[in-house]
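Each chain, letter by letter, is given below.
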Amino acid sequence: MWVKFIDKPGEVKMEEVKGDKALQKAKKLLEDISENEYEQDLAFKRDLFLKDKVAIKAT
């Protein structure tokens, strides 16, 4: 379920989310980030940082 939510959150049905408190929290957080441009920028920069960190370790 988590993999599906992370890959394609729009495909997760509300019935599936209602039974899982962690998914409810993740869905709320995703909605908050999606609505806030500042949060989107922070998420983007965090993603870049993590990818750079992995690339540096690989060298």
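Residues numbered from 1 in each chain as written. Predicted model: local features only at pLDDT ≥ 70, side-chain atom pairs only at ≥ 80, totals over all residues. Heavy atoms only, no water.

1. So, the layout of surface pockets
Phase 1: In this structure, the second largest pocket spans a volume of roughly 200 Å³.
Phase 2: Taken together, I33, E39, Q40, A43, F44, R46, D47 and L50 form the lining of the second largest pocket. (1 Å grid on protein atoms, 1.4 Å probe; cavity = no way out; pocket = protein on both sides within 12 Å on 5 of 7 lines; lining within 4 Å. Points joined across faces, edges and corners; volume = space filled by probe spheres on them.)

2. Quick look at the packing of helix α3 (residues 21-35) against helix α4 (residues 37-58)
Phase 1: Closest axis-to-axis distance for the α3/α4 pair is 5 Å, and the angle between their directions is 105°. By the angle between their axes, α3 is roughly perpendicular relative to α4. Judged by residue contacts, I33, S34 and E35 of α3 engage E37, E39, Q40 and A43 from α4.
Phase 2: In terms of residue class, the contact of α3 with α4 is built from two nonpolar, two polar and three charged. (Axes fitted to C-alpha atoms, helices over the stretch in contact; angles between N-to-C directions. Helix = DSSP H or I, 4+ residues; strand = E, 2+ residues; numbered from the N terminus. Parallel < 35°, antiparallel > 145°, perpendicular 65-115°, else oblique. Contact = heavy atoms within 4.5 Å. Nonpolar A, V, L, I, M, F, W, Y, C, P; charged D, E, K, R; others polar.)

3. Section: the confidence of the model for the chain
Phase 1: Mean pLDDT over the chain: 81, with 83% of residues reaching 70 or higher.
Phase 2: Averaged pLDDT values for the elements of the chain fall to 65 in helix α1 (residues 2-7) and rise to 92 in α4. (pLDDT = per-residue confidence, 0-100.)

4. Brief notes about α4
Phase 1: Relative to the 32 Å expected for 22 residues at 1.5 Å per residue, α4 spans 32 Å between its end C-alpha atoms, a close match to the ideal helical length.
Phase 2: With a side-chain oxygen lying 2.9 Å from the backbone nitrogen of Y38, the N-terminal cap of α4 falls on N36. (Expected span 1.5 Å × (residues − 1). Polar contact = N/O pair within 3.5 Å; in protein donor to acceptor, adjacent residues only side chain to side chain.)

5. Looking at the pattern of salt bridges
Phase 1: Inspection of every chain in the model, using the stated rule, returns three salt bridges.
Phase 2: Two residues, K28 and D32, come together in a salt bridge whose shortest N-O distance is 3.0 Å. Of the two residues, K28 and D32 are both situated in helix α3; the distance of four residues between them amounts to about one turn of the helix.
Phase 3: You can call K28 partly exposed: its relative accessible area is 48%. (Salt bridge = Lys/Arg side-chain N within 4 Å of Asp/Glu carboxyl O. Buried < 20%, exposed > 50% of the residue type's maximum accessible area, 1.4 Å probe, protein only.)

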